[in-house]
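A structural walkthrough
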Amino acid sequence: MQNSFNKRKEKILEFNTAMEELNLRKRITASIPKEIPEDLIVKCPSCQRFIIKDNYILDHKVCPYCNHHGRLTSKERIIDVMDLGYTELFTNIKEKYLDFPDYEAKLEKAKKDTGEDESVMCVEGKIDGIKCLVGVMDSFFMMGSMGSVCGERITRLIEKATEEKLPLILFTTSGGARMQEGVISLFQMAKTSQALAKYRENGLYIAVLTDPTTGGVSASFASLADITISEPNALIGFAGKRVIERTIKETLPKEFQTAEFLLDKGYIDMISDRKDLKKTLALLLRLHNYR
Ligand SMILES: [Zn+2]
């Protein structure tokens, strides 16, 4: 075991040097050289540089060259911010949807591809020893779209937080309401908002808006937090930039709908690098007397 670990470590150090060289030579559009196994390398989607996969994962999927925050699955996010030993909640809630053409097949494919059963995962656990309820959306599951199951899970999580007087943290990433569920998907906006209105009389709700948070999610619970945090350069907005430009017949600034732009306008309270996020959340919980 130790031997194979050391061997892997050696290989990675060797590849690291090769990667550095490759990036320094600015062959950033070159394909991965044959001698380096493809499954050990990732390419940053922003600066296009090559990164050793193990290093990328250890860096919380953040590019060491340009600080691009890669997208995380719900499980990766939970592992990243929570202490070991969390419990998944509301897994028994099943689909209730309209008979939209091909929806069932699409849903099955999303389940198979991601290994998840919906676009949100709700857990009960601890962050730095502080008990809390956490919901994490997953952009890899049908673009994190919100249908009836997603809305129901989030609503039940909020209600549980209200009953048990626990802090609530929601990580959002979504393309919006799930169109295949028609008006049912839009109901989820009102349902989650109503549950939050009740919760917020006595509890602390922190929303962490991650790339991308748009549509019905941004127009409901993502915008209703006591404290709103975002990750660097995350896309946050309701309608797409081009749609707005065409409607108002004006050119919008380049940084429009980025976390930095929204921080400047007061829509979000702080931007936190992913590596600091767990510490930031724990500090905020302690400041509000949660132990
Ligand atoms: Zn990069």
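Owing to the predicted nature of the structure, the values given are computational and were not obtained by experimental measurement.

Quick look at the nonpolar core now. By size, the foremost hydrophobic cluster in this structure holds 47 residues, and its most contacted members are Ile158, Leu168, Ile169, Ile206 and Leu281. No other element matches helix α5 (residues 148–164), which puts six residues into this core. In contact with Ile206, not counting residues within four places along its chain, are Ile169, Ala225, Asp226, Ile227, Ile229, Leu281 and Leu284. Listed in part, the seven residues of the second largest apolar core include Phe15, Phe50, Ile52 and Cys63.

Moving on to the pairing of strand β5 (residues 130–137). With respect to burial, β5 is a largely interior element, six of its eight residues being buried. Strand direction decides the pairing type here: strand β4 (residues 120–127) and β5, joined by eight bridges, are antiparallel. In the sheet register, Met121 faces β5, and the bridge partner there is Val136. Following β4, the chain reverses through two residues before pairing antiparallel with β5; Asp128 in that reversal takes a positive phi of roughly 50°. Note: β5 against strand β6 (residues 168–174), four bridges, orientation parallel. Counterpart to Val134 in the pairing with β6 is Ile169. In this fold, β5 hands off to α5, which returns the chain to β6; that crossover is right-handed.

This part is about the domain arrangement of the protein. Along its sequence, the protein is carved into domain 1 (2–58) and domain 2 (74–287). Placing a centre on the C-alpha atoms of domain 1 and another on those of domain 2 gives a separation of 32 Å.

Looking now at unusual backbone geometry. In this structure, Pro212 follows Asp211 across a cis peptide bond, with omega equal to -15°. Even without being glycine, Gln48 reaches a positive phi, approximately 70°. With respect to the secondary-structure elements, Gln48 resides in the loop between β1 (41–43) and β2 (50–52). Notably, Lys165 is not glycine yet its phi reads approximately 55°, a positive angle. Here Lys165 lies in the loop between α5 and β6. Owing to 10 C-beta atoms within 10 Å, Lys165 belongs among the exposed residues under this scheme.

What counts and how
Residues numbered from 1 in each chain as written. Predicted model: local features only at pLDDT ≥ 70, side-chain atom pairs only at ≥ 80, totals over all residues. Core = buried A, V, L, I, M, F, W, Y, C linked by C-beta atoms within 7 Å. Buried ≥ 20, exposed ≤ 12 C-beta atoms within 10 Å, placed from the backbone. Helix = DSSP H or I, 4+ residues; strand = E, 2+ residues; numbered from the N terminus. Contact = placed C-beta atoms within 7 Å. Pairing = 2+ DSSP bridges. Right-handed = clockwise from strand over helix to strand, strands pointing away. Domains from an automatic or database assignment.

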